[in-house]
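Overview (structure and organization)
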Amino acid sequence: MGVSRTKVRRVRVLLVEDDEPVAESLRRGLIRYGFEVDWVTTGGAALSHSAPYDVVLLDLGLPDTDGLDVCKALRARGDVPIIVISARSDETDRVVGLELGADDYVSKPFGVREVIARIRAVMRRAQPRAVSEAAGPDAYGPRLTIDRKAARVRLDGEEVPLAPKEYDLLSFLTEEPGALMSREQIMEAVWDANWFGPTKTLDVHVAALRRKLAGAITIEAVRGVGFRLEIVEGPPAS
Ligand code: CA
């Protein structure tokens, strides 16, 4: 309160993955979307990692130990959400992983957006205590934060005044950055479930968001379909 700059509380991810290209691309993708990532390559390093983290992305095929044992050991210690990632498409692994306490599962190959959607979902489902500790603005890249509880948007720490529908539109489009959303999907979610009229108002609101959040996001118009919001990576231009 009374502070113009908000300290962004980023979600900290412990990434346990020995496959370097997979880990590196995932790490880069997560950082681009505003996550902090600690990357380790063995089960031993995962279990001895002492820095705090909010969620674990755990590969099952590790060089020193079975990922399922790591999952079990992590779960025995506490309730941090665990998402198992694996090249194994075997249904048995999925079931065993979930039985040992994993919260969700993604199979390789996967996209970073899919992983982010899972992270947000398991964190929403996490214990109330963990949720309240993690509550605060969501970071989208280095410049934009959205505090969904307070319905406040900040650019470089400064609040951006948005009209209610501009906020609703931004809130909807940032649920899955990079996804192409049709005009119909957007109108239905943001305006009215039974919208039959022209969608010019949507273009007006998109233009307002582009102007107000220039440099932090882009909203690309895809002709005949709809819009795609992307987060701009990299530090603010000075
Ligand atoms: Ca592996």
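In this report, we go over the structure that sits alongside the text. (Residues numbered from 1 in each chain as written. Predicted model: local features only at pLDDT ≥ 70, side-chain atom pairs only at ≥ 80, totals over all residues. Heavy atoms only, no water.)

1. Focus: the sheet that holds strand β3 (residues 55–59)
Each strand in a sheet pairs with another by means of backbone hydrogen bonds, the pair being arranged parallel or else antiparallel. The 5 strands lie next to each other as β2-β1-β3-β4-β5, forming an open sheet whose pairing is parallel. The two strands at the open ends of the sheet, each matched to only one other strand, are β2 (36–40) and β5 (104–107). Neighbour-to-neighbour, the strand axes of this sheet turn through a mean angle of 20°, independent of strand direction. Bridging between strand β1 (residues 12–16) and β2 involves 5 bridges; their strand directions are parallel. Note that in β2 the partner of Val16 across the bridge is Val40. The sheet contacts of helix α3 (residues 67–77) involve β3 and β4 (82–86), and relative to β3 the element is tilted by about 160°. The sheet contacts of helix α5 (residues 112–125) involve β1, β3, β4 and β5, and relative to β5 the element is tilted by about 175°. (Pairing = 2+ DSSP bridges. Helix = DSSP H or I, 4+ residues; strand = E, 2+ residues; numbered from the N terminus. Axes fitted to C-alpha atoms, helices over the stretch in contact; angles between N-to-C directions. Contact = heavy atoms within 4.5 Å.)

2. Quick look at the sheet that holds strand β10 (residues 180–182)
Strand order in this open sheet of 3 strands is β10-β12-β11, and the pairing throughout is antiparallel. Two strands close off the open sheet at either side, each with one partner strand: β10 and β11 (217–222). On average, adjacent strands in this sheet sit at an angle of 25° to one another, irrespective of strand direction. Seen against the sheet, helix α8 (residues 183–191) touches β10 and β12 (226–231) and runs at an angle of roughly 75° to β10.

3. A closer look at the pairing of β12
It is a general feature of regular strands that their side chains alternate between the two faces of the sheet. Looking at chain direction, β10 and β12 are connected through 3 bridges and run antiparallel. Directly across from Met181, in β12, lies its bridge partner Phe227. As paired elements, β11 and β12 share 6 bridges and run antiparallel to each other. Paired with Val222 across the two strands is Gly226, which belongs to β12.

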